[in-house]
Amino acid sequence: MNIENQEDFIEKVSKLNDGKNMKYSVYTMGCQLNENDSEKISGMMEKMKYSNTTKIEEADCIIFNTCCVRENAEDKLFGKLGEVKKYKELKGTIIAICGCMMQEKHIVEKIKKSYPFVDIIFGTHTIHKLPEDLYTALCSNKNVIDILDIDGEVIEGLPIKRNDRAKASVTIMNGCNNFCTYCIVPYVRGRERSRSPENIINEIEELARAGYKEITLLGQNVNSYKGNGSLGITKFSELLRAVNKINGIEKIRFISPHPKDFTDDVIDAIRDCDKVCKMIHLPLQSGSSEVLKKMNRKYTKEQYLNLVHKMKSRIPNLTLSTDIIVGFPEETEEDFKDTLDVVDKVNFEQVFMFIYSRRVGTPADKMEKQIPDEVKHERFNRLKSLVESKIVENNKKYIGTIQDIIVEGRSKTNNNMLTGRTDSNKVINFEGDDSLIGKAIKIKIISEHMWYLKGEVV
Ligand code: SAH
Ligand code: SF4
Ligand code: F3S
């Protein structure tokens with residue numbers, strides 16, 4: 001897809017901004033794919049002579065990159081919009097909203113009606129058109145709504161401003177074809193579209209040259225990646241093997257694979273590639289075969305457990321993490337106990353737990369027997385206690401071990417500490433000075449604190 005005419009608009013907005021010290025803020029509300037899109041939005045903004053600020057009151061343009069996977073993600077946006085209205089009134093700040101929520105018609109209608117001060121609304125298929133939309137908004141007093149319902153093409157060549165210095169995310173595919181019955185993602189991100197292997201490898205080689213050491217390959221369903229044959233790559237396992245050969249890259253992660261597509265060649269590639277972390281995020285969603293069927297996950301409890309067993313027996317020291325939804329419609333106490341049973345059997349390193357949230361337009365939203373809130377919360381709490389007790393138990397194995405990590409920066413929760421992660425994706429905090437940031441070092445683990453480990457440089 002050609003983005004040349006966007007370069008004209010980048011030029012035009014730059015001219016408007018010349019010498020004005022314009023500032024922008026981007027708020028990202030979704031998953032790592034959204035974070036990666038926000039890095040591209042920042043890249044475009046900086047080319048248009050805006051500089052970044054984290055102080056919202058300073059910004060001349062505020063962009064919200066939204067998520068709609070659960071209800072609380074939506075509530076967050078409306079809260080923020082209420083907050084920024086005063087800046088719009090005070091100094092004419094440009095307010096733009098993009099991301100997954102903007103692909104939902106009822107949401108766009110709500111914004112038009114209740115938040116008419118929003119200048120630009122653009123969707124997941126029109127991110128690259130931000131320069132054009134911004135130029136229109138700056139030159140006219142009109143609101144710009146730029147949303148495509150059909151799947152956009154894969155866009156290459158957008159400028160990008162990375163959030164981190166040592167690790168980088170690389171989107172390898174967009175969209176999802178799975179239509180799990182609870183999930184809105186296929187409706188707002190469209191069908192699966194894979195990037196060409198050549199473009200992916202070029203991007204990672206460039207990152208390696210710039211000093212990046214850790215790469216996370218991103219997609220809603222990475223193991224159904226389909227390469228167009230460039231560089232001889234047609235599937236995910238081949239892509240992993242090719243990334244593994246790139247000099248300078250030391251760790252490779254990927255998120256998320258789907259259990260139904262976990263073929264043997266992917267398992268073998270993870271085992272064979274020394275840079276690929278021996279950690280797999282394998283979303284379970286429910287431990288009940290009945291519920292899994294209603295969710296359209298295309299595997300049973302037994303198939304999931306067999307897959308875990310096969311992976312663990314083929315990949316030495318493999319660790320796993322997962323996503324679980326509690327309170328899916330019609331979930332019985334027996335179904336829920338199956339979920340607890342799988343958590344008990346698998347020893348996950350990390351479990352991301354979610355309370356089922358009804359999403360407009362999905363099949364599960366129309367199912368009659370929705371679970372009452374108090375039952376959902378009660379089950380969530382029971383799952384949480386089991387997960388926490390397993391994690392404390394599991395964390396003990398780290399104490400005294402030496403971990404190879406890449407220093408990511410200062411800890412977000414404690415500025416006195418540096419932070420990095422084990423191959424199994426556990427956060428490690430430790431003392432050290434800024435010169436270590438971006439380096440690959442060894443850390444000895446001294447204590448565990450449920451959600452992170454404490455260590456010291458060896
Ligand atoms: N494509 C990824 C996940 C995308 S969304 C995958 O399949 O693994 C991330 C997680 O949000 C999902 O794994 C699921 O656990 C959760 N989720 C999605 N829709 C949800 C809903 N309607 N209510 C609660 N949790 C949901
Ligand atoms: Fe949603 Fe399922 Fe696709 Fe994941 S695989 S994005 S949960 S529809
Ligand atoms: Fe949310 Fe969109 Fe990601 S709905 S989880 S930001 S793909």
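Residues numbered from 1 in each chain as written. Chains lettered and ligands numbered in written order. Predicted model: local features only at pLDDT ≥ 70, side-chain atom pairs only at ≥ 80, totals over all residues. Heavy atoms only, no water.

S.K.: I'm lost on the site of ligand 2 in this one. Help?
M.R.: Contacts to ligand 2 come from Cys176, Asn178, Phe179, Cys180, Tyr182, Cys183, Val185, Pro186, Gln220, His258 and Arg297. Class assignment for the residues of the shell around ligand 2 results in seven nonpolar, three polar and one charged. (Near = heavy atom within 4 Å. Nonpolar A, V, L, I, M, F, W, Y, C, P; charged D, E, K, R; others polar.)

S.K.: When you look at a negative patch on the surface in this model, what are you seeing that I'm missing?
M.R.: On the surface, Glu4, Glu7, Asp8 and Glu11 cluster together into a negatively charged patch. Tracing the backbone through its elements, the reader meets Glu7 in helix H1 (residues 4-17). (Patch = residues over 30% accessible without salt bridge, like charges linked within 9 Å, V, L, I, M, F, W, Y side chains within 5 Å. Areas by Shrake-Rupley, 256 points an atom, 1.4 Å probe, with all protein chains shown as cover. Salt bridge = Lys/Arg side-chain N within 4 Å of Asp/Glu carboxyl O. Lys, Arg positive; Asp, Glu negative; His and termini not counted. Charge placed at Lys NZ, Arg CZ, Asp CG, Glu CD. Helix = DSSP H or I, 4+ residues; strand = E, 2+ residues; numbered from the N terminus.)

S.K.: I tried to follow the domain arrangement of the protein on my own but got confused; where do I start?
M.R.: Interfaces are often described in size by the accessible area the parts lose on coming together. If you check the domain split of the protein, you get domain 1 (4-146), domain 2 (164-277), domain 3 (289-394) and domain 4 (399-457). When each unit is reduced to the centre of its C-alpha atoms, the spacing between domain 1 and domain 3 is 36 Å. Facing six residues of domain 1, the contacting portion of domain 3 comprises five residues. Summed over both sides, the interface of domain 1 with domain 3 buries roughly 460 Å², with 47% coming from carbon and sulfur. At the junction of domain 1 and domain 3, the tally comes to one salt bridge. As a salt-bridge pair, Glu74 and Arg359 come within 2.8 Å of each other at their nearest N and O atoms. Our count for the domain 1 to domain 3 interface comes out at three residue pairs in polar contact (both at pLDDT 80 or more). When the residues that make up the side of domain 1 that touches domain 3 are grouped by side-chain class, the tally is two nonpolar, one polar and three charged. (Domains from an automatic or database assignment. Contact = heavy atoms within 4.5 Å. Buried area = accessible area lost by both parts, 1.4 Å probe. Polar contact = N/O pair within 3.5 Å; in protein donor to acceptor, adjacent residues only side chain to side chain.)

S.K.: Mind showing me how you'd approach the site of ligand 3 here?
M.R.: Around ligand 3 lies a shell formed by Gly30, Cys31, Asn34, Cys67, Cys68, Val69, Cys100, Arg189 and Gln220. The class makeup of the residues in the shell around ligand 3 is five nonpolar, three polar and one charged.

S.K.: Any chance you could explain the packing of H1 against helix H5 (residues 130-139) here in plain terms?
M.R.: Pairs of packed helices are described in terms of their axes, by the angle between the two and the distance that separates them. Two numbers describe how H1 lies on H5: the axes approach to 8 Å, and their chain directions differ by 40°. It follows that H1 is oblique to H5 by the angle criterion. Note on packing geometry: the crossing formed by H1 with H5 is left-handed. Here Asn5, Gln6, Phe9, Ile10, Lys12, Val13 and Leu16 of H1 come into contact with H5, specifically with Pro131, Glu132, Leu134, Tyr135, Leu138 and Cys139. Within the contact of H1 with H5, the residues separate by chemical class into nine nonpolar, two polar and two charged. (Axes fitted to C-alpha atoms, helices over the stretch in contact; angles between N-to-C directions. Parallel < 35°, antiparallel > 145°, perpendicular 65-115°, else oblique. Left-handed = near helix turned anticlockwise from the far one by under 90°.)

S.K.: How should the packing of aromatic side chains be read in this particular structure?
M.R.: The description of an aromatic ring pair uses the distance of the two centres, along with the angle that the planes make with each other. A full pass over the atoms with the stated rule returns nine aromatic pairs. Centre to centre, the rings of Phe78 and Tyr115 are 5.5 Å apart; their planes meet at 20°, and the pair counts as stacked. A residue pair is termed long-range when its members are at least 10 positions apart, and Phe78 in helix H3 (residues 71-91) and Tyr115 in the loop between helix H4 (105-114) and strand E5 (120-122) qualify at 37 residues. Assessed through its relative accessible area of 16%, Tyr115 is described here as buried. With 5.9 Å between their ring centres and 35° between their planes, Tyr299 and Tyr304 make a pair best called tilted. Neither Tyr299 nor Tyr304 differs from the other in exposure class; each is buried. Of the aromatic side chains, those joined through ring pairs into one cluster are Phe78, Tyr115 and Phe117. Residue placement shows Lys110 over the ring face of Phe78; its charged tip is 4.0 Å from the ring centre. (Phe/Tyr/Trp six-rings, centres within 6.5 Å; stacked < 30°, edge-to-face > 60°. Buried < 20%, exposed > 50% of the residue type's maximum accessible area, 1.4 Å probe, protein only. Lys NZ or Arg CZ within 6 Å of the ring centre and 35° of its normal.)

S.K.: Can you help me understand the sheet that holds strand E10 (residues 214-218) in this one?
M.R.: As a general point, the strands of a sheet are linked pairwise by backbone hydrogen bonds and lie either parallel or antiparallel. Across the sheet, which stays open at both edges, the three strands sit in the order E7-E10-E11 with parallel pairing between neighbours. Looking at which strands have only one partner, the edges of the open sheet turn out to be strand E7 (167-171) and strand E11 (251-255). Neighbour-to-neighbour, the strand axes of the sheet open up by a mean angle of 20°, direction not taken into account. Here E10 pairs with E11 via five bridges, running parallel. Each bridged residue has a counterpart across the sheet, and for Leu217 the counterpart in E11 is Phe254. In the packing of helix H7 (residues 197-209) onto the sheet, contacts are made with E7 and E10, and the angle to E7 comes to roughly 170°. Across the face of the sheet, helix H8 (residues 236-244) comes into contact with E10 and E11 while running at roughly 155° to E11. (Pairing = 2+ DSSP bridges.)

S.K.: I keep staring at the environment of Glu330 and nothing clicks. Help me out?
M.R.: Here Glu330 shows up in the loop between strand E13 (319-326) and helix H12 (333-346). Residues Glu330 and Lys49, 281 residues apart in the sequence, show an inter-C-alpha distance of 53 Å. There is a polar contact of 2.9 Å between the side chain of Glu330 and the side chain of Lys294.

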